[in-house]
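For reference, the chains in residue letters:
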Amino acid sequence: MTRPARLAVGVISAGRVGSVLGAALARAGHHVVGVSAVSQASLRRAEELLPDVPVLDPPEVAQAADLLLLAVPDDALGGLVRGLAATGSLRAGQIVVHTSGAHGVGALAPAAGLGALCVALHPVMTFTGRSEDLLRMTAASVGVTAADDDEIAWSVGEALVVEMDADPVRIPEHVRPLYHAALAHGANHLVTLVAECTDLLRSAGVTGGERLLGPLLSAALDNALRHGDRALTGPVSRGDVGTVRKHLDVLAREAPEVLPSYRVLARRTADRAEAAGLLRPEAATEVRTTLEDDA
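So, a few notes on the structure that sits alongside this text.

Criteria and cut-off values
Residues numbered from 1 in each chain as written. Predicted model: local features only at pLDDT ≥ 70, side-chain atom pairs only at ≥ 80, totals over all residues. Heavy atoms only, no water. Helix = DSSP H or I, 4+ residues; strand = E, 2+ residues; numbered from the N terminus. Buried < 20%, exposed > 50% of the residue type's maximum accessible area, 1.4 Å probe, protein only. Contact = heavy atoms within 4.5 Å. Polar contact = N/O pair within 3.5 Å; in protein donor to acceptor, adjacent residues only side chain to side chain. Expected span 1.5 Å × (residues − 1). Arc of directions from axis to C-beta. Salt bridge = Lys/Arg side-chain N within 4 Å of Asp/Glu carboxyl O.

## Some details on the environment of Arg170
At step 1: With respect to the element layout, Arg170 can be found in strand β7 (residues 167-170).
At step 2: For Arg170, a relative accessible area of 36% translates into the label partly exposed.
At step 3: Considered as a pair, Arg170 and Ala146 are 24 residues apart in the sequence and their alpha carbons are 8.7 Å apart.
At step 4: Beyond its immediate sequence surroundings of up to four residues, Arg170 is in contact with Val144, Glu151, Trp154 and Glu158.
At step 5: Polar contacts involving the side chain of Arg170 include one to the side chain of Glu158, which spans 2.7 Å.

Spelled out as structure tokens, the structure:
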């Protein structure tokens, strides 16, 4: 894999992702020549992770950069690229990268039309915007997307990821929405689920719920990644409808806002346990009936 030459890097903007990736590229030997930052939080991140890098307006950042990193929210990406193209801030031969998981390189079409080399690099990790994220990058994968027939762009994207000490994974443009849905369904909804479990323990008068959940959920995640559906445990996968009914009753009384998600996840657990041969069909039907009868 060809190592990119030392590049002048511009970062728009110094959010949690942009500031960390900018610092990772600087660590790899590239020169960050400009960053855009507006909020106090982004200005602070720029100062901490990209010290001595001038804070500029987005067009100025783009004009100064050989490698332009666009780390903005998904919905802002299209307008930003169109605006930069319209103001003459992009040019042929420039490398333009965005970090959105939801978009492929189609969102960079105005830049590609000007002759820029376009790549989508989506780090598969959550960011705090602090220096410890640089260490986490070494264990992370990065989804790389380029135009199907542009092997140079694929190679440049992969090389940049390797330089940031992460693992590149090719994600073709046409599967990008499903890829991102899978990651968001897992990571985002996991946070919601864990927070709800902590809230339930607190309602039950159990202090230090995080201490209880940490080992349990860490083991569950490890087992699920290693063994898939064979790692399923608990009353639903065993067909213990009496216990499931108790759960439904207490949630209806004490935490009705949690009850709908419990039903949906219990139903999916029953379906997967049955498909994996862990739950007999008649027991799975009884679980599903219990979940529906108490709705």
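## Overview of helix α13 (residues 281-293)
At step 1: Over its 13 residues, α13 extends 18 Å from the first C-alpha to the last, a length consistent with the 18 Å expected when each residue adds 1.5 Å.
At step 2: Along α13, the positions that sit buried rather than exposed are Ala283, Ala284, Val287, Arg288, Thr290 and Leu291. Down the axis of α13, the buried side of the element spans an arc of 155 degrees, and every buried residue falls inside it.
At step 3: Along its buried surface, α13 packs onto α10 (235-238), α11 (241-254) and α12 (259-275).

## Some points on the pattern of salt bridges
At step 1: According to the stated counting rule, one finds 16 salt bridges in the structure shown.
At step 2: Linking Asp66 and Arg91 is a salt bridge whose minimum nitrogen-to-oxygen distance equals 3.3 Å. With Asp66 in the loop between α3 (58-64) and β3 (67-70) and Arg91 in the loop between α4 (74-86) and β4 (95-98), this residue pair connects regions lying 25 residues apart in the sequence.
At step 3: For Arg91, a relative accessible area of 33% gives the class partly exposed.
At step 4: In the salt-bridge network here, residues are joined through shared partners; they are Arg267, Arg268, Asp271, Glu274, Arg288 and Glu292.

## Some details on unusual backbone geometry
At step 1: That bond from Ile12 to Ser13 is cis: its omega, 5 degrees, falls within 30 degrees of zero.
At step 2: Its place among the elements puts Ser13 in the loop between β1 (8-12) and α1 (16-27).
At step 3: A positive phi angle, near 70 degrees, is found at Asp52, a position not held by glycine.
At step 4: One can find Asp52 in the loop between α2 (40-49) and α3.
At step 5: In this structure Asp52 comes out as exposed when scored by relative accessible area, which is 81%.
At step 6: Positive phi, close to 70 degrees, is recorded for Asp165, a residue that is not glycine.
At step 7: Tracing the sequence through the fold places Asp165 in the loop between α7 (151-163) and β7.
At step 8: Classification of Asp165 as partly exposed rests on a relative accessible area of 40%.

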